[in-house]
Amino acid sequence: RGKLLDIGCSTGIFLEIAKEREWDVYGVELSKWGYEKAKKRISNVYNKTLDKIKFEDNSFDVVTMWDLIEHLTDPNKELKEINRILKNDGNLILTTPNINGFFSRLTKKNWWAMVRMHLFYFSPKTITKLLEKNGFNVIKIKSYSRTIILKYAIEWFKPYKGAYKLLSMITKSKIGDLKFKIDTGDTMVVYAKKK
């Protein structure tokens, strides 16, 4: 329990769950659409950049950023501000695509995370260096499995015309609706603590 800030909170679903578990929750969301949805769930949501909110020093026990850091124009600036508002020994938890993961190395330029809106790509080594530079100790980095529908996974093979043509036959059958768990190592969950 404690005070939690979710940066890039989207529609506020994570914050709503944290609130049900008795966290004192706050959110930041720049998308007007996401902000308006989140505001219906949680009152403490801001539609401006973190540095413009002016939270007090040492305000939060935990700060989360789910799939956000790769979109930031200046990750150093954001991390310095997070460090300032985190309590001593506070935790930062984030997720980001892992450019060094199995599937990213296999598919290279056709990797699903290789999109224009991702301004930075991190490996466990580079995210650790970035966090350490901005006053954090990395405690743990892990990947996690996702449940994926087979016909969705087949779309990953679209750039490989021959394989895609063969596999896309599956999408027309009931087999395409099968769900399975997979951990391709493509997404990192990073646990860090303020120094």
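Residues numbered from 1 in each chain as written. Predicted model: local features only at pLDDT ≥ 70, side-chain atom pairs only at ≥ 80, totals over all residues. Heavy atoms only, no water.

*Asks:* Help me understand unusual backbone geometry, please; the structure alone is not making it clear to me.
*Replies:* In this structure, Asp89 takes a positive phi of about 75 degrees despite not being glycine. With respect to the secondary-structure elements, Asp89 resides in strand E5 (residues 86–97). For Lys108, which is not glycine, the phi torsion reads 50 degrees and is therefore positive. Relative to the assigned elements, Lys108 resides in the loop between helix H5 (102–107) and helix H6 (124–133). (Helix = DSSP H or I, 4+ residues; strand = E, 2+ residues; numbered from the N terminus.)

*Asks:* Help me out: how do you make sense of the packing of helix H4 (residues 75–85) against H6 in this one?
*Replies:* Each pair of packed helices can be described by the angle between their axes along with the distance between the axes. Where H4 contacts H6, the two axes come as close as 9 Å, and the packing angle between them is 50 degrees. Relative to H6, the element H4 is oriented oblique. The interaxial crossing formed by H4 with H6 has right-handed handedness. Contacts between H4 and H6 involve Pro75, Asn76 and Leu79 from the first element and Leu130, Leu131 and Lys133 from the second. Classifying every residue of the contact of H4 with H6 gives four nonpolar, one polar and one charged. (Axes fitted to C-alpha atoms, helices over the stretch in contact; angles between N-to-C directions. Parallel < 35°, antiparallel > 145°, perpendicular 65-115°, else oblique. Left-handed = near helix turned anticlockwise from the far one by under 90°. Contact = heavy atoms within 4.5 Å. Nonpolar A, V, L, I, M, F, W, Y, C, P; charged D, E, K, R; others polar.)

*Asks:* For this particular structure, what's the right way to read the nonpolar core?
*Replies:* One broad trend across soluble globular proteins is that nonpolar side chains are buried collectively. Judged by nonpolar contacts, the single largest core of 27 residues is most densely connected at Leu5, Ile82 and Leu92. Within the residue set of this core, elements represented by two or more residues are strand E1 (3–7), strand E2 (24–28), helix H3 (50–53), strand E4 (60–66), H4, E5, H6 and strand E9 (187–194). Residues contacting Leu92, with those up to four places away along its chain left out, are Val63, Met65, Leu79, Ile82, Leu86, Leu131, Phe136, Val190, Tyr191 and Ala192. By size, the runner-up hydrophobic cluster in this structure holds twelve residues, among which are Leu4, Cys9, Ile42 and Val45. (Core = buried A, V, L, I, M, F, W, Y, C linked by side-chain atoms within 4.5 Å. Buried < 20%, exposed > 50% of the residue type's maximum accessible area, 1.4 Å probe, protein only.)

*Asks:* Can you help me understand the layout of surface pockets in this one?
*Replies:* Rolled over the atoms, a probe with the dimensions of a water molecule shows which regions are left empty. One number sums up the size of the largest pocket: a volume of about 520 Å³. Lining the largest pocket are 24 residues, with Ile7, Leu30, Leu68, Leu72 and Glu78 sitting closest to its centre. Only E1, H3 and H4 provide two or more residues apiece to the lining of the largest pocket. A per-element tally of the lining of the largest pocket places H4 first, with three residues. Class assignment of the residues belonging to the lining of the largest pocket gives a composition of nine nonpolar, six polar and nine charged. The volume enclosed by the second largest pocket comes to roughly 170 Å³. Lining the second largest pocket are Trp112, Tyr144, Arg146, Ile148, Tyr152, Trp156, Ile182, Asp183, Thr184, Gly185, Asp186 and Thr187. Across the lining of the second largest pocket, the residue classes break down as six nonpolar, three polar and three charged. (1 Å grid on protein atoms, 1.4 Å probe; cavity = no way out; pocket = protein on both sides within 12 Å on 5 of 7 lines; lining within 4 Å. Points joined across faces, edges and corners; volume = space filled by probe spheres on them.)

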